[in-house]
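Single-letter residue listing:
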Amino acid sequence: MDTLILDLLDPEEARRPPMAMKDYSDEFKADAVALYESTPGATYKSIAADLGINRSTLREWVLRDREGRGVTVGPAPERDVAVRGSG
């Protein structure tokens, strides 16, 4: 992916070297999802940083978990998107 595009998506993440693929246990994934789901106001970015994993990896685990439980994922507000005021 072009660095410019990555810069637009998340400048902080674009400057990091690519992470190697890691194999996480099912228990770790479940605990990460549970932590995200049970933490009011948490973002994928904040929880992922605390756990030392990639934000998109955590998001994928959360979406898979919700799908597995039959939770309908509709167009809900993304917790990772900052709301900008008229400053």
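The coordinates are above.
Cut-off values and rules
- Throughout this document, residue positions are counted from 1 along each chain, in the order its sequence is written.
- With the structure being a predicted model, the display of local features is reserved for residues of pLDDT at least 70 and the display and counting of side-chain atom pairs for 80 or more, all residues being used for whole-chain, interface and lining totals.
- The basis for the side-chain values is all heavy atoms of the structure; hydrogens and waters are excluded.
- A run of H or I in DSSP counts as a helix once it spans at least four residues, and a run of E counts as a strand once it spans at least two, with each numbered from the N terminus.
- The buried label applies to any residue whose accessible area, calculated with a 1.4 Å probe on protein chains only, is under 20% of its type's maximum; exposed applies above 50%, and partly exposed to all values in between.
- By the convention used here, residues are in contact when the closest approach between their heavy atoms is within 4.5 Å.
- Methods summary: accessible areas were calculated by the Shrake-Rupley approach with a probe of 1.4 Å, and residue burial reflects only the protein chains presented.
- Fitted lines through C-alpha atoms serve as axes, helices being fitted only where they are in contact, and the angles separating the N-to-C directions of these axes extend from 0 to 180 degrees.
- Working definition: roughly parallel below 35 degrees, roughly antiparallel above 145 degrees, roughly perpendicular at 65 to 115 degrees, and oblique for all remaining angles.
- When the near helix sits turned anticlockwise from the far one by under a right angle, the crossing is termed left-handed; a clockwise turn instead gives a right-handed crossing.
- Under the convention adopted here, Pro, Cys and the residues Ala, Val, Leu, Ile, Met, Phe, Trp and Tyr are nonpolar, Asp, Glu, Lys and Arg are charged, and Gly plus all remaining residues are polar.
- Residue types Ala, Val, Leu, Ile, Met, Phe, Trp, Tyr and Cys, when buried and joined through side-chain atoms within 4.5 Å, form a set referred to as a nonpolar core.
- Take a side-chain nitrogen of Lys or Arg and a carboxyl oxygen of Asp or Glu: if they are within 4 Å of each other, that pair is a salt bridge.

## Structural notes on the overall build of the chain
For step 1, the next point in the chain: Within the chain one finds 5 helices and 0 strands.
For step 2, the next point in the chain: Sequence-ordered secondary structure for the chain, helices as α and strands as β, is α-α-α-α-α.
For step 3, the next point in the chain: The burial tally for the chain puts 18% of its 87 residues in the buried class.
For step 4, the next point in the chain: Contacts in the chain between residues at least 24 apart in sequence constitute 54% of all its contacts with a sequence separation of at least 6.
For step 5, the next point in the chain: With the model as given, the accessible surface of the chain reaches about 6,800 Å², and the carbon-plus-sulfur share is 55%.

## Some remarks on the packing of helix α4 (residues 44-51) against helix α5 (residues 55-68)
For step 1, the next point in the chain: Axis separation between α4 and α5 bottoms out at 8 Å; the angle between their running directions is 110°. Between α4 and α5, the angle is such that the two are roughly perpendicular. Crossing geometry of α4 relative to α5 is assigned as right-handed. Judged by residue contacts, Tyr 44, Lys 45, Ile 47 and Ala 48 of α4 engage Arg 55, Leu 58, Arg 59, Val 62 and Arg 66 from α5.
For step 2, the next point in the chain: Residues of the contact of α4 with α5, tallied by class, amount to 5 nonpolar, no polar and 4 charged.

## So, the environment of Asp 65
For step 1, the next point in the chain: Mapped onto the fold, Asp 65 is located in helix α5.
For step 2, the next point in the chain: When the C-alpha atoms of Asp 65 and Ala 34 are compared, they prove to be 9.6 Å apart, with 31 residues separating the residues in sequence.

## A short note on the packing of helix α3 (residues 26-38) against α5
For step 1, the next point in the chain: Where α3 meets α5, the axes come as close as 9 Å, and the angle between the chain directions of the two elements is 90°. Considering the angle they form, α3 stands roughly perpendicular to α5. Where α3 approaches α5, its residues Phe 28, Lys 29, Ala 32, Val 33, Tyr 36 and Glu 37 are matched on the opposing element by Leu 58, Trp 61, Val 62, Asp 65 and Arg 66.
For step 2, the next point in the chain: Split by residue class, the contact of α3 with α5 holds 7 nonpolar, no polar and 4 charged.

## Here's the deal with the nonpolar core
For step 1, the next point in the chain: The biggest cluster of nonpolar side chains holds 12 residues, and these are Tyr 24, Ala 32, Val 33, Tyr 36, Ala 42, Tyr 44, Ile 47, Ala 48, Ile 53, Leu 58, Trp 61 and Val 62.
For step 2, the next point in the chain: Within the residue set of this core, elements represented by two or more residues are α3, α4 and α5.

## Overview of the pattern of salt bridges
For step 1, the next point in the chain: Scanning the model with the defined rule gives 4 salt bridges in all.
For step 2, the next point in the chain: Between Arg 69 and Glu 37 there is a salt bridge, with the nearest N and O atoms lying 3.8 Å from each other. Taken together, the residues Arg 69 in the segment after α5 and Glu 37 in helix α3 connect sequence positions 32 residues apart.
For step 3, the next point in the chain: Across the salt bridge formed by Glu 60 and Arg 64, the nearest N and O atoms sit 3.2 Å from each other. Residue Glu 60 and its partner Arg 64 are located together in helix α5, separated by 4 residues, close to a single helical turn.
For step 4, the next point in the chain: The exposed category is assigned to Arg 64, whose relative accessible area is 51%.

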